[in-house]
Structure formats: structure tokens, C-alpha cells
Amino acid sequence: MTDIVQEKLKLLPDSPGVYIMKDANGRIIYVGKAVVLKNRVRQYFQHNKNHSPKVKAMVSHIADFEIIMTHSEVEALILECNLIKKHRPHYNISLKDDKSYPYVKVTVQEAYPRVFLTHRVTKDGARYFGPYTDVTAVHQSLKLLRKLFPLRTCRHLQDRPCLEYHIKRCLAPCVGKVTEEDYAAMIRAVLLFLEGRTADVERELKVCMEQAAEAFHFETAARLRDQLRAVQKIAEKQNIVTGAGDQDAIGLARSEIGVCVQVFFIRAGKMIGREHFLLQGSEEESDADILAAFLSQYYHRAAFVPREILLPMAIAEAEQALLESWLTEKKHGTKVQLLLPQRGTKRDIVAMAESNAAKYLADEAARIKQADEKTMGAVRELGHYLGLKKMPYRMECFDISHIQGSETVASMVVFEGGLPKKSDYRRFKIQSTEGKPDDFLSMREVTTRRYVGLPEEELPDLIVIDGGKGQLSSALEIIRGAGGHKDVPVVGLAKQFELVFKEGESEPVVLPRHSQALYLIERIRDEAHRFAITYHRKLRGKRNLVSVLDHIVGIGPKRRQALRSHFGTIARIREASVEELQQAPGMNRPAAEAVYHFFEAQRDLTRYHADEEDRRTRKETDI
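Residues numbered from 1 in each chain as written. Predicted model: local features only at pLDDT ≥ 70, side-chain atom pairs only at ≥ 80, totals over all residues. Heavy atoms only, no water.

Caption draft 1: Region of interest: the overall build of the chain. A count of helical and extended segments in the chain gives 20 helices and 20 strands. Counting the 623 residues in the chain, one finds 45% classified as buried. Restricting the contact set of the chain to residue pairs at least 6 apart, pairs at least 24 apart contribute 61%. Accessible surface for the chain amounts to roughly 33,200 Å². Of this, 51% is attributable to carbon and sulfur atoms. (Helix = DSSP H or I, 4+ residues; strand = E, 2+ residues; numbered from the N terminus. Buried < 20%, exposed > 50% of the residue type's maximum accessible area, 1.4 Å probe, protein only. Contact = heavy atoms within 4.5 Å. Areas by Shrake-Rupley, 256 points an atom, 1.4 Å probe, with all protein chains shown as cover.)

Caption draft 2: Broad picture of the nonpolar core. Formed by 34 residues in total, the largest nonpolar core has its most connected members in Ile250, Phe294, Leu295, Tyr299 and Ile309. Taken together, the elements giving at least two residues each to this core come down to α4 (73–87), β8 (247–255), β9 (258–267), β10 (270–280), α10 (287–301) and α11 (317–330). No other element matches the eight residues that α10 contributes to this core. With sequence-adjacent residues up to four places away left out, Leu295 is seen in contact with Ile250, Ile309, Leu311, Ile315, Leu323, Trp326 and Leu338. (Core = buried A, V, L, I, M, F, W, Y, C linked by side-chain atoms within 4.5 Å.)

Caption draft 3: Representation of helix α3 (residues 53–61) within the structure. Where α3 is concerned, the buried positions are Lys54, Val55, Met58 and Val59. Buried residues in α3, looked at end-on, bunch into an arc of 130°, giving them a common side. Residues Pro53 and Ser60 are exposed on α3 and point more than 90 degrees away from its buried face. Along its buried surface, α3 packs onto β2 (28–34). (Arc of directions from axis to C-beta.)

Caption draft 4: Looking closely at empty space enclosed by the protein. Here the structure, examined in full by the defined rule, presents two cavities of 30 Å³ or more. What the largest cavity holds in volume is close to 80 Å³. In this structure, the largest cavity is lined by 13 residues; those nearest its centre are Arg152, Cys154, Cys162, Cys170 and Cys174. Among the residues making up the lining of the largest cavity, the classes are represented as eight nonpolar, two polar and three charged. (1 Å grid on protein atoms, 1.4 Å probe; cavity = no way out; pocket = protein on both sides within 12 Å on 5 of 7 lines; lining within 4 Å. Points joined across faces, edges and corners; volume = space filled by probe spheres on them. Nonpolar A, V, L, I, M, F, W, Y, C, P; charged D, E, K, R; others polar.)

Caption draft 5: Structural detail: the sheet that holds strand β3 (residues 64–69). On the basis of which strands lie adjacent, the open sheet formed by three strands has the order β2-β1-β3 and antiparallel pairing. Two strands bound the open sheet, and with one partner strand each, they are β2 and β3. Pairs of neighbouring strands in the sheet enclose a mean axial angle of 20°, with direction left out of account. In terms of strand pairing, strand β1 (residues 17–22) meets β3 through six bridges, oriented antiparallel. Looking across to β3, one finds that Val18 is bridged to Ile68. (Pairing = 2+ DSSP bridges. Axes fitted to C-alpha atoms, helices over the stretch in contact; angles between N-to-C directions.)

Caption draft 6: Quick peek at the environment of Arg444. If you trace the backbone, Arg444 turns up in helix α14 (residues 439–451). Residue Arg444 is classed as partly exposed on the basis of its relative accessible area of 24%. When the C-alpha atoms of Arg444 and Leu476 are compared, they prove to be 8.6 Å apart, with 32 residues separating the residues in sequence. For Arg444, the contacting residues outside a window of four places in its chain are Ser474, Glu477 and Ile478.

Caption draft 7: Representation of the sheet that holds β10 in the model. The six strands lie next to each other as β4-β10-β9-β8-β11-β12, forming an open sheet whose pairing is mixed. Each having just a single partner strand, β4 (94–95) and β12 (337–339) make up the two edges of the open sheet. Here β4 pairs with β10 via two bridges, running antiparallel. The residue bridging Ser94 from the neighbouring strand is Gln280, located in β10. Where α10 meets the sheet, its contacts fall on β4, β8, β9, β10, β11 (308–310) and β12, and the angle it forms with β8 comes to roughly 135°. Packing against the sheet, α11 makes contact with β11 and β12, and its axis sits at approximately 140° to β12.

Caption draft 8: Examining the packing of aromatic side chains more closely. Scanning the model with the defined rule gives twelve aromatic pairs in all. For the ring pair Tyr30 and Tyr44, a centre distance of 6.3 Å and an interplane angle of 65° mean the geometry is edge-to-face. Placement of Tyr30 in strand β2 and of Tyr44 in the loop between α2 (37–43) and α3 is noted, with a sequence separation of 14 residues between them. Ring centres of Phe398 and Tyr451 lie 5.8 Å apart, and the angle between their planes is 70°; on these two criteria the pair is classed as edge-to-face. Residue Phe398 is found in strand β13 (residues 394–403), and its partner Tyr451 is found in helix α14; the two are separated by 53 residues along the sequence. Residue Phe398 is classed as buried on the basis of its relative accessible area of 0%. Under the relative-accessibility criterion, Tyr451 is labelled buried at 0%. (Phe/Tyr/Trp six-rings, centres within 6.5 Å; stacked < 30°, edge-to-face > 60°.)

Caption draft 9: Looking closely at the pattern of salt bridges. Applying the stated rule across the entire model yields 33 salt bridges. Of the charged contacts in the structure, one is a salt bridge between Glu308 and Lys346, with a shortest N-O distance of 3.0 Å. Residue Glu308 is located in strand β11, and its partner Lys346 is located in helix α12 (residues 344–374); the two are separated by 38 residues in the primary sequence. Given the relative accessible area of 16%, Glu308 is considered buried. Judged by relative accessible area, which is 26%, Lys346 ranks as partly exposed. Linking Glu364 and Arg367 is a salt bridge whose minimum nitrogen-to-oxygen distance equals 2.8 Å. Here the residue Glu364 and the residue Arg367 both occupy positions in helix α12, the gap between them amounting to three residues, near one helical turn. Owing to a relative accessible area of 18%, Glu364 belongs among the buried residues under this scheme. A relative accessible area of 45% means that Arg367 is categorised as partly exposed. Via salt bridges that share partners, Arg394, Glu396, Glu416, Lys421, Asp424 and Arg450 belong to a single interconnected network. (Salt bridge = Lys/Arg side-chain N within 4 Å of Asp/Glu carboxyl O.)

Caption draft 10: Just the environment of Lys429, in detail. Following the sequence through the fold, Lys429 ends up in strand β16 (residues 426–429). What makes Lys429 partly exposed here is its relative accessible area of 36%. Measuring from C-alpha to C-alpha, the distance between Lys429 and Val446 comes to 8.9 Å, with 17 residues separating the pair along the chain.

Caption draft 11: Region of interest: the packing of α4 against α11. Where α4 meets α11, the axes come as close as 10 Å, and the angle between the chain directions of the two elements is 80°. By the criterion of interaxial angle, the relationship of α4 to α11 is roughly perpendicular. Contacts from Glu73, Val74, Leu77 and Ile78 of α4 reach α11 at Leu322, Leu323, Ser325, Trp326 and Glu329. (Parallel < 35°, antiparallel > 145°, perpendicular 65-115°, else oblique.)

Caption draft 12: Representation of the packing of α14 against helix α15 (residues 469–482) in the model. Packing of α14 against α15 leaves a shortest axis separation of 8 Å and a crossing angle of 35°. At the point where α14 passes α15, the crossing takes the right-handed sense. Here α14 contributes Asp439, Phe440, Met443, Arg444, Thr447, Thr448 and Tyr451 to the contact with α15, which in turn contributes Gly470, Gln471, Ser474, Ala475, Glu477, Ile478 and Ile479. (Left-handed = near helix turned anticlockwise from the far one by under 90°.)

Shown next as C-alpha cells:
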């Protein structure tokens, strides 16, 4: 315990508040709340306390702490949630990657509200729904919502209707095609739909449809009828699970890979969706403590709080009373209860949430195992089949690409742990074989440039040469000779049948079909080939671009380079106006006009030949 901590412990107040633990570097490592700060904080530093290993580890790192006094424990709870979300302390239980969870935002503060996805919740008067963990599902829901309701999507109202109006996906409020009252009625239906109250949506749409029909607004009535049918079709898929009311059913499961909490959303007695959340920092915590931490963090961010929250297990009475008080305050005085159902439908839905949480963890464990088999498992397997002394964690693979000897290039791709490391990729423009194809000489050049003078500690665990014995010999000549590297394994990969040639062995290694080692070596070879071909095409495109520009009077090497960098392709240069050509660096008006007139002359010539061909065709037809 540091002197600073000892002095501060003597000055702790009796009031409620939040305490912030820091390490020697000033980093916040834990945030907690207390009814009485003096009692709670001192407990951490009492040697006779039976602390868990996690708390002991945390206390050993505490070099300083701060406190923030609050008027009540509820205020302390809210502040604790905010600080955990902001600082993500190492020793707190926290939602994994919670910053990325999206919300659906409805801008009800605007005259013609929009509905879209957001990752930020602000006090701007809008309605928010979420958080959601499945971004794909949210996008699909928004897509469905826009099919049901023709909402505006533009950020600012335009001066004229856009394409969305013409394809009947917007009512064009920008030009007054719909009144604020009618649009507001549609937004009410949208909000009810997002809340899961499809029965209320049906009633709202039916009333509006009947009113429109009575007023002889048949087009509006038909649109509302179609929306009503679509909502009814969706409602048929939802099962009544608890009879009535709004509830969240919580399920919790643990495994060797972590803790998962599943939340089932029940609105007006119907299951409308579910979300799962992974928690970190929970390895040595009890299920009850994990559940209490999740409830405070999740509902601190949740856009909607139901009247009943169904729990899978009991939490401390004081903690439950505090959470109920806070959630009731958050729901503007409407009482919120945390219930532990023992039997009946509510218990069944909690059990379903628990089984879904356990299923998610089991699937995640299987996914991790499968991913490991394709990556590190494949690396270990490849090392075994090749008889390597060391596992080939880092592998470098080379490929040569050319067309009849022109623009010969080489690529080097890097895999670490069975995955591509694109930041280490390299490409080489081969100089020694320009104009005459020679893969062996090209391989000698690229291995010279890569490995001669390279320190031993920077060598890979395996070098793969895309080619047979000839390319392997060319590479070994440099790596073992001029490079001076005697121990790094080098293998050649034949272009057919994935035969692997090892140094000093006449017979190739045949990797078993359907083995992860074979799939890994194929991925490396294909990636090297792709990278080489991409570079080759890029160089060839630049060469073709320059060869065309070579014929324009007044366009020298610097201006050719400027045009190439500015426009990228011949097609874009050909289509550019004089003013656009003049914008390229180093270009002036006469040079731009020279380029423009050059391509204009080409266009005229093309049109002339086309007209001549047309006249010849007509003449033959007349004959």
C-alpha cells in the first residue's frame, strides 16, 4: 500500500459515491460504487479479509484512488455505469465491445422524421431502440421497415422529389405531397412496430385506412391496406409467450470461453426478438455478481425498459432494491420489477433464454476450434508433414508473373499463424530478364533482393517457392550461397497436384487430400499468384497509358506522369474536358487543348470509319 493510499484512506467520507482505483501509471483499473465510501474502500486493504484472487491481484496494482461523492446510491450507480463505459477498466465486468452496438434512431423531433442506424445516443429529442448486437439483422429490419412504410431517407429536404418517390418508397414531404399529420400517423405506426406492438399498429393502420376511404382518398387507403396486410403477416409469425405485458427474459451461461447473457424481448405478450451479449472480466465472479453487473450496464444504455425483468437467479436483496429503484426512475416513475419466476410460462421463457445462451457459447467454441484447425492447426500439421524442426509460424511465398517475358514481376506474400499478413507483402519489378522470359533467373533476382544481407532474426520459419525443382534450385543457390542462410527451410510447390519438393530430396512430399495442411499451402500459393497478377496488370495498364500519350505533341514525361496520376485510366483522360485536363498538376491551357484535340481527332476518325462501314453495308444491301 502506497503512502498516498494510506493518507487518503484516513479521509474517506461516510457518504455514498463512486471510487476509482488507479495503477502506478495513472490508468484506471477498477470503478465501484458504495453506500458508505469509507467502509467499502477500506475493505479492499484489510489483510484479514478473505478476498478472491482477482481482488488480491487488483489491490496489488493500486497505487492511488479517487472518490466522487453523490447524493444517493442511485446516482452512484448511474455514475459507475458511465465511468465503466468510458474507461473500460481491466478489473470490471463489462460488456465486450459495447462501443460498437448499434441503435435504431427515429428523429421524432423533426417535422418529417427519419429512421436510420446509429452508434451514438444523445439527448436530442429523438427516440432510440436498442442496443442490438446483430448488425445484419438490424439492417434487414430497417429494410423491411422501409418496405412497409415509405419514410424519407434524405438528411435534408430537397427542392424536388428524388428517385425514392418515383419508385414509391417515399411520400415526398419535400414538396408537400404528404401532410405533416398523415406523416406523423405513419411515424406513430413505425414507433409501435419498433416497440413490438403489432396489434396496436394494426388498429392504427385500420383506423387511418377507413378514414381515408371515407374521405375518398382511395390511393392513400390502398397504401394503408397494403401496409396493414404486411404487418398482419409479420404478426402471424410471433408467438404469444406470457399472455400480456412487456418483459425482458434474461438467460446466463458460462463456459471455458466466457460468459454469455441472452435477452429475450417480449412486448404486449409476444416475443419480438432477442440479443446476446458477451462479458469480459468475469472469470472469478459469481453468477449473481455477473448478472447484477450486466443489468446495470445494459439498462444504462437500453433505449426501452420493460415493467418486468425476468431473472434466471436471485441477486443480493440490496442490489435488487437499488436496481429496481433506479429503473423505476429511468422509466419516469412507472414501477419496474426484477422477478425470479419459479414455474409456469415465465419460468419456461427464462429457461429458453438460458439454453440459447448456452447454445451460443457451444457454437462459439466450435467456431473457435474450427478456425484454429484452419490456422494454427494447419500450421502445425504442415510442419509435421514436412518434417520441420520448428513450427512454420511465419511463411513467405514467392511467385513470378510475366507475359512472354514483358513486365516480369514477382510477389512475396506473408502468412503468420495461418493467416495472411498483408502489411508485410512485397512486390518486385524484375530487371534481369526484361524482354526474355527466364523464371529461374527471375527467382534468383528476387531472392537476392529479399534475403542477401537479411539478419537471421528476420528470417521466416519457411520459404515457399511457387514452382518445381528448377525454381527451388534457383532460390537455394542464393539463400544458401550469397545469402549465407544455412538453416531456414525452403520448399518448392509444383504447379500441378500441389506436390511439395524439399531440399536434397528427389521425391516430393504428397500432402493428404482434404487435409488442412494442403488447404493452407493452396491458400498461400493462390494469394501469391493473385498478388503478382494484380501488380502485373497495374504495370501493364501504366505502360499502355504512357504509350498512347507518347503520341501527343507537347506532352513530355512529367505531364504524362501527372495525367496518369490524376486520371488513372485512358478512358477518363479521353472523356475529360479541356478545363478538367487543365486541373492536372503541371498542365496549362495549350497542353490541355493538345490532349483534348488528340482524342477528339481519334473520335472523328472512329466516326468516319463507322460511317464508311455503314455506307458500304447499305450499298451492298441495295445491290
